[in-house]
Amino acid sequence: PTRAPVREIPEEAELTWDAGDAHPEPALDDVPARIVTKARAATYLASAFAFLGGVYGLATMVDKPSTTPFAPKTFPYNGLEVELGKK
């Protein structure tokens, strides 16, 4: 069982994760100040938008029923040309 500390804990103690084994490690990861440069992040963002735009474009080309939300109708008498005034 872990006992509560009886004296004041030093301020640096909160930065170390001590699990009770022989190797305490930093509680915060040692992350560099810049993981990705701004130019690389902009490239990633632009390529992601281009990829999603390509998928959207392909889906709209392939998905013909979405552009025609109703079933095509066939009318008798040569498509009702006379009745609809097409002649």
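This structure is a prediction, so every number in the text was calculated from the model and none was measured.

Colleague: Explain the overall build of the protein chain to me, please; I cannot follow it from the model alone.
Modeller: Of regular secondary structure, the protein chain possesses two helices and two strands. Starting at the N terminus, the α and β elements of the protein chain follow one another as β-β-α-α. In terms of overall dimensions, the protein chain is more spread out than a globule: its C-alpha atoms have a radius of gyration of 34 Å, far above the 12 Å expected for 87 residues. Taken along the three principal axes of its C-alpha coordinates, the protein chain extends 100 × 40 × 20 Å. When each of the 87 residues of the protein chain is scored for burial, the buried share is 1%. Across the protein chain, the centroid of the 9 positively charged side chains sits 20 Å from that of the 12 negatively charged ones.

Quick notes on the rules
Once a new chain begins, its residue numbering starts again from 1 and follows that chain's sequence as written. It should be noted that, the model being predicted, local features are given only for residues of pLDDT at least 70 and side-chain atom pairs only at 80 or more, the latter also being counted only at that level, while totals for whole chains, interfaces and linings use all residues. Only hydrogens and water are removed before side-chain values are computed, so all heavy atoms of the structure are retained for them. For the purposes of this entry, the term helix denotes a DSSP run of H or I that reaches at least four residues, the term strand denotes a run of E that reaches at least two, and both are numbered from the N terminus. Each radius of gyration is computed over the set of C-alpha atoms, and the globule rule expresses the reference value as 2.2 Å times the number of residues to the power 0.38. In this scheme, a residue with accessible area under 20% of its type's maximum is buried, one over 50% is exposed, and one in between is partly exposed, where area comes from a 1.4 Å probe on protein chains only. When charges are counted, Lys and Arg contribute as positive and Asp and Glu as negative, whereas His and the chain ends are disregarded. Charged groups are reduced to one reference atom each: NZ for lysine, CZ for arginine, CG for aspartic acid, CD for glutamic acid.

Read these as geometric descriptors, not functional statements.
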